Amino acid sequence: MAGAKGLRVSCLLAEAMTVLRPPSGGEVHRWMEQGCAPPPSSSVAAFALKAKVVYPISQKFRPLADGSSNPSLHENVRRAVLPHQPAGASPSSSLGSLSQAGKDDCSSSASSRSAASADRLLSRTFLRVDTFPEVLASESADVALCVYHLHLKDLLRLDTALRQEKHLMFIQILKMCLLDLLPKKKSDDELYQKILSKQENDLEELERGLQAKLSNMEVLGAGDSEHLALADEEREERERSEQLVDNMEAFWKQMENTQHFLVDQLKCSSSKARQLSMTLVERMIAAEGLLRDSQDLQALDTLERTMGRAHMAKAIESLRLQIQEETRCRLAAISRGLEQLAAEGKLSVRQKEELLAQQHKSFWQEAEHFSREFVQQGKDLVQASLAHQAEGTAKLTLAQKEEQRSFLAEAQLTTDPEKFLKAFHEVLERQRLTLWDLELEEDIRTTEALAALCQELYCSTIDTFQKSADILFLERLPGVTGLPPVECDCLRQEVQEDAARLLRKAGRFRRRQWQLFQELLQEEQQVWMEECALSDVLQTHLREGLESTVRGALGRLGGLTEESARCVLQGHSLLLGSALRRLALRGSSLATLAQMRLSGKRRVLQELREQRALGQASSPCLDEHQWQLRRALEARMREEAGRLEEEAQRTRLQLQQQLLAEAQEVGRRLQQHTERAVGQALLGHARNAAIRSRAKDRDDFKRALVEAAAESVHVTGAGIRHLVQAYDQRIGKIVQDHAERKRQHLKALQGERVETYRLRKQQERGGPSGSRLAGGTLGATLAVHQRVLSQQKQLLAQLTVHQQVRLGAWKQQARAMDLLEAQLETQLQEAEQSFVSELGALARLPLAERKLLPSEPGLPEKPLRTKRKKPLSRERADPGVPNNEDPASGDHTSGSLSNKRLSQQESDAGDGEGSTKTPKRRSDL
C-alpha cells in the first residue's frame, strides 16, 4: 500500500523529467519538451564523457573537447568518488583505464582482495538521517545507504508498535481472566484495579528502561558526527537486538510471576491460579498469532515503501543532475559553432578560446548557483514539512488514544474473548497504518514540492543560459569577427539546433538509464523475496526442532499429568512464537545490512551497464579501437558481476551465521524457561506423590499400632479407658481454652471498635457544629443546589470513613482468628502425639516400632503448622479482601476444626487428610 503510492509518485516524477525543460527558440522548442541528456560529440568521447583531457594551451578556464569544464570549477555538482575508486578517478572515466584496472586486479591475490573489500565496505559512511525528506534535500548523501538506514528505522518502529500492542492486549487478557476467576467482583473493584495497575506499572517501567537504553546507545554511537559508518550501523543494530531480546525475556519473567502474584493478592487456591494462568497463556497465544500475521504484512509493506523511496530519490536526483546535462550540451554546441568559424578563418584560435572560457565560466557558475539554491530552499521546505508532520502526528495520536479508551469502555470483555481480541487488534492496527500513511503522504507532498522547486530553478537557469548565448552571438561575436548580425543570428540558430539534437539523443539514453534502474530494483526485490523465503524456512526448522525436543522430553519423563504437560507445552508455544517473531525482524534487519554492504558494488556495475548502453546508442558502426573499448567494457562488467556475486555470497553467509548464533542464544534462553517450567511441574508432582505416600504410611502405622495394642498382653481395658479419658480431658481443655481466648479477643476488638466509633462521633460533632454555624451564615447567600452538593460530599466522606473503619476491623479480626487457629492446630497435634506415644508405651512395642512413634506421625505436621501461619501475610495483602469466616461464630469442636483445616489444605496444596481424627481412633481402639 505504502510502496504503491511511492511508486506512483516516482513514476510521475520520472515522466516529469522529460518535460521540465522550457522552450529556447525555434525548432529547439519541440526537442527540449522531449527532454534529453548530454550525448557526446563523437563515439570515442561517448566513453570519455567526464575524462580529464589535457589541453595544449594552459588557461585557467579551459573548456574540454566535449564542452566540459575544469572539474575544480564545479566539483560541488559532480558525483562523489566511489569508495572502490582511487582518489582523483571518476566513476565513468575513459575505458583505457578500465582495461588497465582489470590487469591490475588480476595480479592481486584473491584473499587480500576479499579482506580489503570487506574493510572498504564497512568503512563507507553516509548521512545520518531520520526522515526521507532529509535525504532528498541533502547535498552529498549516499541515497541507497540512507534509504536502507530509514528501512532499519521503520523495522524498529514496527517492533516497538507491536510490543506496545502486546502489552495492551496482555492487560486486557489479564482483566478478562480475573473476571472469569471471580465473577462476583466488578471490574472497577479496588482489588482488581490494584492488580491491573501493578501489572501496567511494571510494563511501563520495562518499556521506559528499554527506551532509555536504546537512546543512550544511539547517543554514544552518534557522537558529534553527522555521518555514520556502515560498521557502526551494524554494531548498533547488533546491540539493539540484544537489548530487545533482554526486554522480551523480562516480559516472559513477568508473565511467569503473574500466578504467584495472584495467589498472594487474591488469596485464591493454587488450582484456581493455575487455571487462570493456563487461560492467560492460551489467549496470549492467540494474540501472538495476530501480531505475527500483522508483522509479516507490515514488513512487506515496509519493503514496498522502501522501494518507492528509492524511486522518488532517483527521480529527484535525476532532476538535479539535469541542469548539468543542459550545461554540457549547450557548451558543446557553442564549441562546435565557434570551431566552425575558426576553421573558416573568421575567428582566431585565441579569440575562440577566450569566448569559450567566458561562456564556460558563466554556465558552470550558474549551474553551481542552481545547486546551492536547491539545497538551501530544499532544506527550508523539509523543515516546514517536518513541523507540519509533527503537528499532524500529535493531533492524530491524541485522537487515537481517545478512540482506544472509548473502545475499551464500550467493549464487553467476557462475552466473546476471541472476538474482542480480534476487534481490539484491528483498532490498533488501523491506527498504526493511519500514522504510517500520514507520514507517507507528507513524504509525497515534500517530494512534489522539491520537484516543483527544481523545475522553477531549472527554468530560471535555462533563461540565463539563453540570454548568455544571445549576448555571445548577437553582441560580442559581431564585434570580434566583424560578421554581419544576420550571419551571427543564423549561426546562433544552428547552435541551438545542434544542442537540441544532442539533447534528443540524450533523452533516449536517459530513458534507457531509467529502465536499467528499474531492472536493478527488480533484482533487489528478487533478493528480498529469497531472504524472506530463507527466513520462513529457518523459522519452520526452529519451531519444529524445539517443539519436538520439548515433546520428547515430556514423553520420556512420564511422571507428569496430562494437564501439567499441556500447561508446559502451551507456555513453550507462547514463548517460542514471541522469539520467532523477534528473529524474523532481526533477519530482515540483517538482510538490509547485506544490501547496504553490496550497494557500492551494485552501483559500480550499474554505471558500467549505463556506459554500455550509452556506447550502443552512440553509433552502430565502430572502428577497431572502439571495438577494443567495447570488449574491455564487457570484460570489466563480467569481472564486476563476478565480484558482486562473490561478495554477496560471502556477506550473506557471514550474516546468516550471525543470525544462527543469535537464534541459538534465544533458543538457550527459551530452553531455560522451559526447563524451569518442567521443573516446577515435576516438583508439584513429586510433592503430591510425597503427600499421598506420607498419608498412606501414617494410616498403615496407625492400623499397625491398633493391631499391636489389641494383641498385646500388656494392654488392658482399664489402661485403654485411662488413656482415652486423659485424651478427652486434654482435648476438652484445649477447646475450652480456645473458646475463651476467642471470646476475649472478640470482646477486646469490639471494645476498640466502640471506642473508635465514639471518638469519631465526637470529632464529627465538633466539626459539623462549626459547619452548621457557617452554613447558617452562608445559607442566605448560597443557592439550594450548592447546599445539597455540600451535604452529598459530607455524606460520601462519612461513608468512605465508615467503610475504611469496618475494613480495618475485619482485617484485625482476621489476623486474630488466624493466630488463635494456628495455636489450636499446634495444641491438637501435640495432644495427638502424646496419645500415640502413651499408647505405644502401654503396648510395650519393640524398639524398631517405638522409634517411629515420635517421628512418623509428626512428619506431615510441620508443613501443616507452617501452612497455617501463612494467612499472617494478609498485612501485606490488600486490606479490602473480606474474610468469609465469621469471627464471632460459636465454638468449634475439634472434629469441625480438623475437617475445616483438611478442606483448606486439600484445596491449597493437595495435602493429605487432617491429623486429628479422634472419634475414629477412639472407635477403633
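What counts and how
- Residues numbered from 1 in each chain as written.
- Predicted model: local features only at pLDDT ≥ 70, side-chain atom pairs only at ≥ 80, totals over all residues.
- Heavy atoms only, no water.
- Salt bridge = Lys/Arg side-chain N within 4 Å of Asp/Glu carboxyl O.
- Helix = DSSP H or I, 4+ residues; strand = E, 2+ residues; numbered from the N terminus.
- Buried < 20%, exposed > 50% of the residue type's maximum accessible area, 1.4 Å probe, protein only.
- Axes fitted to C-alpha atoms, helices over the stretch in contact; angles between N-to-C directions.
- Parallel < 35°, antiparallel > 145°, perpendicular 65-115°, else oblique.
- Left-handed = near helix turned anticlockwise from the far one by under 90°.
- Nonpolar A, V, L, I, M, F, W, Y, C, P; charged D, E, K, R; others polar.
- Phe/Tyr/Trp six-rings, centres within 6.5 Å; stacked < 30°, edge-to-face > 60°.
- 1 Å grid on protein atoms, 1.4 Å probe; cavity = no way out; pocket = protein on both sides within 12 Å on 5 of 7 lines; lining within 4 Å.
- Points joined across faces, edges and corners; volume = space filled by probe spheres on them.
- Expected span 1.5 Å × (residues − 1).
- Contact = heavy atoms within 4.5 Å.

### Remarks on the pattern of salt bridges
As a working rule, side chains carrying opposite charge can pair if their charged atoms are close by.
For step 1, the next point in the chain: For the structure on display, the rule yields 53 salt bridges.
For step 2, the next point in the chain: For Asp142, the salt bridge identified is with Arg124, shortest N-O distance 2.6 Å. Linking Asp142 in the loop between helix H6 (132–137) and helix H7 (143–181) with Arg124 in the loop between helix H5 (110–122) and strand E1 (125–127), this pair joins segments that are 18 residues apart in sequence.
For step 3, the next point in the chain: The class for Asp142 is buried, based on a relative accessible area of 13%.

### A few points about the environment of Asp380
For step 1, the next point in the chain: The topology assignment puts Asp380 in helix H11 (residues 349–410).
For step 2, the next point in the chain: You can call Asp380 exposed: its relative accessible area is 52%.
For step 3, the next point in the chain: Between the alpha carbons of Asp380 and Ala137 there is a distance of 9.1 Å; along the sequence they are 243 residues apart.

### Side note on the packing of H11 against helix H12 (residues 417–481)
For step 1, the next point in the chain: At a minimum axis distance of 8 Å, the contact between H11 and H12 shows a crossing angle of 165°. When the interaxial angle is binned, H11 and H12 end up roughly antiparallel. Handedness of the crossing formed by H11 with H12: right-handed.
For step 2, the next point in the chain: Across the contact of H11 with H12, the residue classes break down as 27 nonpolar, 20 polar and eight charged.

### Some points on the packing of aromatic side chains
For step 1, the next point in the chain: Across all of its chains, the model carries seven aromatic pairs by this definition.
For step 2, the next point in the chain: Taken together, a centroid distance of 6.0 Å and an interplanar angle of 15° make the contact between Phe407 and Phe420 stacked. Note that Phe407 is positioned in helix H11 and Phe420 in helix H12, a separation of 13 residues in sequence.
For step 3, the next point in the chain: Its relative accessible area of 5% is what places Phe420 among the buried residues.
For step 4, the next point in the chain: Members of the aromatic cluster, connected to one another through ring pairs, are Phe407, Phe420 and Phe424.

### Some details on the layout of surface pockets
For step 1, the next point in the chain: In this model, the second largest pocket occupies a volume close to 1,600 Å³.
For step 2, the next point in the chain: Looking at the second largest pocket, it is lined by 48 residues, and the ones nearest its centre are Thr160, Ala161, Gln164, Glu165 and Leu435.
For step 3, the next point in the chain: Where the lining of the second largest pocket is concerned, the elements lending two or more residues are H7, helix H8 (190–222), helix H9 (230–266), H11 and H12.
For step 4, the next point in the chain: When residues of the lining of the second largest pocket are assigned to their parent elements, the largest contribution, 16 residues, is made by H7.

### Description of H7
Given 3.6 residues per helical turn, the α-helix brings residues three or four places apart onto the same face.
For step 1, the next point in the chain: Over its 39 residues, H7 runs 57 Å from end to end, which matches the ideal 57 Å to within 8%, given 1.5 Å per residue.
For step 2, the next point in the chain: Most of H7 sits inside the fold, with 29 of its 39 residues counted as buried.

### Looking at the side chain of His572
For step 1, the next point in the chain: Structurally, His572 is set in helix H14 (residues 562–618).
For step 2, the next point in the chain: Judged by relative accessible area, which is 5%, His572 ranks as buried.
For step 3, the next point in the chain: The residues contacting His572, other than those within four sequence positions of it, are Leu546, Glu547, Val550, Leu670 and Thr674.

### Section: the environment of Leu516
For step 1, the next point in the chain: Note that Leu516 resides in helix H13 (residues 485–557).
For step 2, the next point in the chain: For the pair Leu516 and Ala613, spaced 97 residues apart in sequence, the C-alpha separation works out to 9.3 Å.
For step 3, the next point in the chain: Contact partners of Leu516, with chain neighbours within four places excluded, come to Gln606, Arg609, Glu610 and Ala613.

### Some words on the packing of H7 against H9
For step 1, the next point in the chain: One can describe the packing of H7 onto H9 by two numbers: an axis separation of 13 Å at closest approach and a directional angle of 5°. Here H7 lies roughly parallel to H9, going by the angle between them. Between H7 and H9, the residues in contact are His149, Leu152, Leu156, Asp159, Arg163, Lys166, His167, Phe170, Leu174, Leu178 and Leu181 and Glu233, Glu237, Arg240, Leu244, Asn247, Phe251, Met255, Thr258, Leu262 and Leu266, respectively.

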